[in-house]
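Structural features, examined
Here are the chains, one letter per residue:
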Amino acid sequence: MTSTRLKKNNIIQHQHHEYFRVMERSAVASGFHRNYILCASRAATSTTRLHSLSSLRNFPSSSLRIRHCPSPISSNFIVSEVSRNRRCDAVSSSTTDVTELAEIDWDKIDFGLKPTDYMYAMKCSRDGEFSQGQLQPFGNIDINPAAGVLNYGQGLFEGLKAYRKQDGNILLFRPEENAIRMRNGAERMCMPSPTVEQFVEAVKTTVLANKRWIPPPGKGSLYIRPLLMGTGAVLGLAPAPEYTFLIFVSPVGNYFKEGVAPINLIVETEFHRATPGGTGGVKTIGNYAAVLKAQSIAKAKGYSDVLYLDCLHKRYLEEVSSCNIFIVKDNVISTPEIKGTILPGITRKSIIEVARSQGFKVEERNVTVDELVEADEVFCTGTAVVLSPVGSITYKSQRFSYGEDGFGTVSKQLYTSLTSLQMGLSEDNMNWTVQLS
Ligand code: COI
């Protein structure tokens, strides 16, 4: 197929998608149930005119025929894409009238859930194979009370982000790294998991279907939350017989209420996040429930979050509840090494690679709590957090402060390099971003 024809087909598919989406919203507004998809009436389809979005907006719902949709909308219906290297030539918005953004105050978004249009679900049967996934309207899911995830915590999650560029294109950051991490976690948790290709395709499909929820450039990002859950019923302790892979998304701003201002941490000396041989090194849901108690106590005392120590010696830094930690001393950057009790953060890995590419010495090693006294700068990294400067750390009632009310020089340089890359403001020499159009 020639590229012009391919593009034309993609445009037509996209316009179809917009056509149905607008009709669906129009019908929902008119009181129809969301689980029905809308079909144009014969009269409308026979002409199959591809209305511009503005004309569709005024499409009267009385001229729509409603068909019950027992199964969710196939992702193939929504998006057709051709991958070329790392570029995804999916539907081209630059040539269509699809500049629409959701109507929310983009200046006021924080890291809270905002329901979007679609989520993606893919089931895995007993044979361990994931079937073709499907988009469906965002909403509650049915789950058996005996599901493995509810009873025994057999579940994993991931987090990644999509950014909208000035030119309207969308950037994902290293999505295959999340896919690999989910596969590693699944192995530890005795779960089957989607292939890297299935994972990445599902992320692209979900992001494109929720495109109007991707914040304008500079206003935030679309947080993508893939989940892998044991949804089959079990009573005796055993791996669940069935699994669901699900992705939902939400537009987000800064993770900490401090925004990009420095956060204040307290070193936790009683509670521990992970143990050797445990699951601290994978992104299982239970790791996050386990930190809520210490985090709540710390927040009640006015701290932003908790910094954990290793449980054996109570001496080595591990990580903060939701992110990894780095210290800078005399321009040498150090971070706790990955040894099973620390989450192998993708932002952590990226910062290490960016720093090394800029000539910094980066050490992955045991970092002692005593080193906090002498550190010039401390910062945290994570998908949600991005790179957050640490203003102070309190350890056994002693408070150590860093920087003067802002980013240290090294932290600032790394923050700027990483975020420019993620938002498409600098050339992607690392080949980390995946562009969707
Ligand atoms: C992320 O940074 O994406 C995470 O998964 C951490 C979560 C607690 C928000």
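Source: prediction; values computed, not measured.

Thresholds, definitions, all that
- Residues numbered from 1 in each chain as written.
- Predicted model: local features only at pLDDT ≥ 70, side-chain atom pairs only at ≥ 80, totals over all residues.
- Helix = DSSP H or I, 4+ residues; strand = E, 2+ residues; numbered from the N terminus.
- Contact = placed C-beta atoms within 7 Å.
- Axes fitted to C-alpha atoms, helices over the stretch in contact; angles between N-to-C directions.
- Parallel < 35°, antiparallel > 145°, perpendicular 65-115°, else oblique.
- Left-handed = near helix turned anticlockwise from the far one by under 90°.
- Expected span 1.5 Å × (residues − 1).
- Buried ≥ 20, exposed ≤ 12 C-beta atoms within 10 Å, placed from the backbone.
- Arc of directions from axis to C-beta.
- Core = buried A, V, L, I, M, F, W, Y, C linked by C-beta atoms within 7 Å.
- Domains from an automatic or database assignment.
- Nonpolar A, V, L, I, M, F, W, Y, C, P; charged D, E, K, R; others polar.
- Pairing = 2+ DSSP bridges.
- pLDDT = per-residue confidence, 0-100.

**A closer look at the overall build of the protein chain**
Looking only at helices and strands, one finds 12 helices and 22 strands in the protein chain. Within the protein chain, counting contacts between residues at least 6 apart in sequence, those at least 24 apart form 72% of the total.

**A word on the packing of helix H6 (residues 175-188) against helix H7 (residues 196-209)**
The geometry of H6 relative to H7 is characterised by a closest axis approach of 9 Å and an angle of 130° between their N-to-C directions. Taken together, the axes of H6 and H7 lie oblique to each other. Judged by the twist between their axes, the crossing of H6 over H7 is right-handed. Between H6, through Pro175, Glu176, Ala179, Ile180 and Met182, and H7, the contact on the second element is made entirely by Val196, Phe199, Val200 and Val203.

**Brief notes about the environment of Glu318**
Secondary-structure assignment places Glu318 in strand S15 (residues 317-320). Each C-alpha atom, one on Glu318 and one on Gly280, is 9.9 Å from the other, the two residues being 38 residues apart in sequence. Filtering out sequence-adjacent residues up to four positions away, Glu318 remains in contact with Arg273, Ala274, Tyr308, Leu309, Asp310, Pro336, Thr341 and Ile342.

**A look at H6**
For H6, built from 14 residues, the straight-helix expectation of 20 Å at 1.5 Å per residue is met to within 8% by its first-to-last C-alpha distance of 20 Å. When H6 is considered as a whole, its buried residues turn out to be Pro175, Asn178, Ala179, Arg181, Met182, Gly185 and Ala186. Buried residues of H6, seen end-on, are gathered within an arc of 165° and therefore sit on one face of the element. Cys190 sits one or two positions beyond H6 and adopts a positive phi of about 55°.

**Considering the nonpolar core**
With 89 residues, the main nonpolar core has Ala162, Leu172, Val207, Ile224, Ile247, Val306 and Leu307 as its most contacted residues. At seven residues, strand S12 (residues 243-252) tops the list of elements feeding residues into this core. Residue-level mapping places this core at the junction of two domains, with at least three residues from each of domain 2 (104-252) and domain 3 (263-431).

**With respect to helix H10 (residues 346-357)**
For an α-helix, the turn length of 3.6 residues means that residues three or four places apart are oriented alike. Spanning 12 residues, H10 covers 16 Å between terminal C-alpha atoms, matching the ideal 16 Å at 1.5 Å per step. All of the buried residues in H10 are Ile346, Thr347, Arg348, Ser350, Ile351, Ile352, Val354 and Ala355. The first or second residue beyond H10 is Gly359, which carries a positive phi of 90°.

**So, unusual backbone geometry**
Backbone geometry at Cys190 places phi at a positive 55°, although glycine is not the residue there. Secondary-structure assignment places Cys190 in the loop between H6 and H7. The class of Cys190 is exposed, set by 12 C-beta atoms lying within 10 Å. Phi is positive for Lys314, close to 50°, though the residue is something other than glycine. Along the chain, the position of Lys314 falls in the loop between strand S14 (305-309) and S15.

**Describing the environment of Pro336**
Following the sequence through the fold, Pro336 ends up in strand S17 (residues 332-336). As a C-alpha pair, Pro336 and Arg365 span 29 residues in sequence and 5.1 Å in three-dimensional space.

**Brief notes about the packing of H10 against helix H12 (residues 409-422)**
Running from N to C, H10 and H12 cross one another at 110°; their axes reach a closest spacing of 10 Å. With respect to their mutual orientation, H10 and H12 come out roughly perpendicular. Packed against H10, whose contacting residues are Ser350, Ile351, Val354 and Ala355, the element H12 presents Leu414, Ser417 and Leu418 at the interface. Here the contact of H10 with H12 is composed, by residue class, of five nonpolar, two polar and no charged.

**Section: the environment of Gly278**
In this fold, Gly278 is placed in the loop between strand S13 (263-268) and helix H8 (285-289). For the pair Gly278 and Thr341, spaced 63 residues apart in sequence, the C-alpha separation works out to 7.2 Å.

**Comments concerning the pairing of strand S21 (residues 398-401)**
The sheet contact formed by strand S20 (residues 386-395) and S21 spans four bridges and is antiparallel. Each residue of the ladder has a partner; that of Tyr395, found in S21, is Gln398. Counted along the chain from S20 to the antiparallel partner S21, the turn is two residues long, and its residue Lys396 has a positive phi close to 45°.

**Some remarks on the confidence of the model for the protein chain**
Predicted coordinates in regions of low pLDDT should not be interpreted in detail. For the protein chain, mean pLDDT is 82; residues scoring 70 or higher make up 77% of the total. Across residues 1-98 the pLDDT falls below 50, and counting only partners more than four positions away or on other chains, this stretch makes 119 contacts in the model.

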